[in-house]
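Now for the letters of each chain:
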Amino acid sequence: MATAELYGTTHHYTLCQSPQSTEAAVVFVHGWLLSGCYWQPLTQRLAHRFTCLSYDLRGFGQSAPGRTDYSLSAYAQDLLALINHLNLPRVWLVGHSLGGSIALWAAHLAPQTVEGVVCLNAGGGVYIRKAFDQFRNAGEQMVRYRHPVLAALPLLPTVFSRMMAQQPLGRRWGQQRLMDFIGADPNAAKGALLESTTRAEVHQLPQIVANLPQPALFMAGAQDTIMQPRYVRHLASFHPQFAQGNLAELDNCGHFAMLEQTAAVAQTIETFITHHSADPLRSPSTTRPDVTATSASTAALSGLSPADADIPTEANIYRRPA
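Below: a short report on this structure.

The rules behind the values
- Residues numbered from 1 in each chain as written.
- Predicted model: local features only at pLDDT ≥ 70, side-chain atom pairs only at ≥ 80, totals over all residues.
- Heavy atoms only, no water.
- Helix = DSSP H or I, 4+ residues; strand = E, 2+ residues; numbered from the N terminus.
- Buried < 20%, exposed > 50% of the residue type's maximum accessible area, 1.4 Å probe, protein only.
- Areas by Shrake-Rupley, 256 points an atom, 1.4 Å probe, with all protein chains shown as cover.
- Pairing = 2+ DSSP bridges.
- 1 Å grid on protein atoms, 1.4 Å probe; cavity = no way out; pocket = protein on both sides within 12 Å on 5 of 7 lines; lining within 4 Å.
- Points joined across faces, edges and corners; volume = space filled by probe spheres on them.
- Nonpolar A, V, L, I, M, F, W, Y, C, P; charged D, E, K, R; others polar.
- Polar contact = N/O pair within 3.5 Å; in protein donor to acceptor, adjacent residues only side chain to side chain.
- Contact = heavy atoms within 4.5 Å.

Observations regarding the overall build of the protein
Here comes step 1: Scanning the protein from terminus to terminus reveals twelve helices and ten strands.
Here comes step 2: A total of 322 residues make up the protein; the buried ones form 55% of that total.
Here comes step 3: Total accessible area on the protein is roughly 13,900 Å²; 52% of this is exposed by carbon and sulfur atoms.

As structure tokens, this is what we get:
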């Protein structure tokens, strides 16, 4: 892997350049407690046509922890700095889980550079107090009690190869997940978890999606228990192109679409980019989607009573198409 200094922090990245390509590059953003290597099977399928860039987020994989701002906007700024460092004038972003939120933020911050976004196993926009409190507490405990000795336990790679996946990922990926889990910087792991799941951050994401001028595609795993399809659909519904179909659901797929359904994901991404690249006159939307965010509708998504669901109701959250 090559390295780049971004905001004083060493980032590791892999750039696979397609010498014959005149297309915008495709940049891949990984999720929490992971690294850029999980994109390898997907980039191998796309590199014949696109220049592909994957990298390790600050504090994850081989990238140094660096500055202590772990917000989605800060990670998006890191991403845009890397794109600028590599002189990539136009890019498409593909983000997994937490990386999907980072990609959406980057598209929001740099519409002149980012052509569009593909989110894998990424959704949200619904803040459920009890569920988020439990999730944050469990995540903090995971980070706190990691120990290098876990790498020596023979059965753990198998456990990690099946955890959150509908299809076992194989021992190689289980071992990689275990190493990334153990090796992530504790401050970055905790900070990225806590700062991306605040009430304000969760409520802001639908606003960003609603105001994106670029196309966005959301892909859900039908059997994803971490980011269930209904939450992916909820976030996708805020985008101006929701009525035109910006949501795809992959059967027999858990939380790792890029590994569980590599061929289908690659084909969908290529088709999506081809379709939108054929429209050179694409311009920012002048109308906003009509999105209703009510306690009753959120309760229907979550299965909780309306009183348990905390969702944005301010005037700047727009109404969802029927």
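Structural notes on the pairing of strand S1 (residues 2-6)
Here comes step 1: Pairing of S1 with strand S2 (residues 9-16) involves five bridges; the strand directions are antiparallel. Within the sheet, the bridge partner assigned to alanine 2 lies in S2 and is tyrosine 13.
Here comes step 2: Linkage of S1 to S2, two consecutive antiparallel strands, is achieved through a turn of two residues, within which tyrosine 7 is found at a positive phi near 55 degrees.

A look at the layout of surface pockets
Here comes step 1: The space that makes up the largest pocket amounts to roughly 1,100 Å³.
Here comes step 2: Along its surface, the largest pocket is lined by 43 residues, and Ser97, Phe135, Thr197, Ile226 and Met227 are the ones closest to its centre.
Here comes step 3: Examining the composition of the lining of the largest pocket, we find that seven residues originate from one element, helix H4 (residues 129-144), more than from any other.
Here comes step 4: Partitioned by chemical class, the residues of the lining of the largest pocket number 25 nonpolar, 15 polar and three charged.

A few points about the side chain of glutamine 214
Here comes step 1: You can see glutamine 214 is positioned in the loop between helix H8 (199-210) and strand S8 (216-221).
Here comes step 2: Of note is the side chain of glutamine 214, whose polar atom sits 2.9 Å from the backbone oxygen of alanine 107.
Here comes step 3: Here the side chain of glutamine 214 touches valine 114 through a polar contact of 3.2 Å, landing on its backbone oxygen.

Considerations on helix H7 (residues 186-196)
Here comes step 1: All of the buried residues along H7 are Ala188, Ala189, Gly191, Ala192, Leu193 and Ser196.
Here comes step 2: Taken together, the buried residues of H7 touch helix H2 (72-85), helix H3 (98-109), H4 and H8.
Here comes step 3: The N-cap residue of H7 is aspartate 185: its side-chain oxygen and the backbone nitrogen of asparagine 187 are 3.1 Å apart.

Points about the pairing of strand S5 (residues 91-96)
Here comes step 1: Here S5 lies mainly inside the structure; six of its six residues are buried.
Here comes step 2: A two-sided burial pattern is seen for S5, the buried positions comprising Val91, Leu93 and Gly95 on one face and Trp92, Val94 and His96 on the other.
Here comes step 3: Summarising the sheet, S5 and strand S6 (residues 114-120) pair through six bridges and their orientation is parallel. Bridge pairing links leucine 93 to valine 117 in S6.

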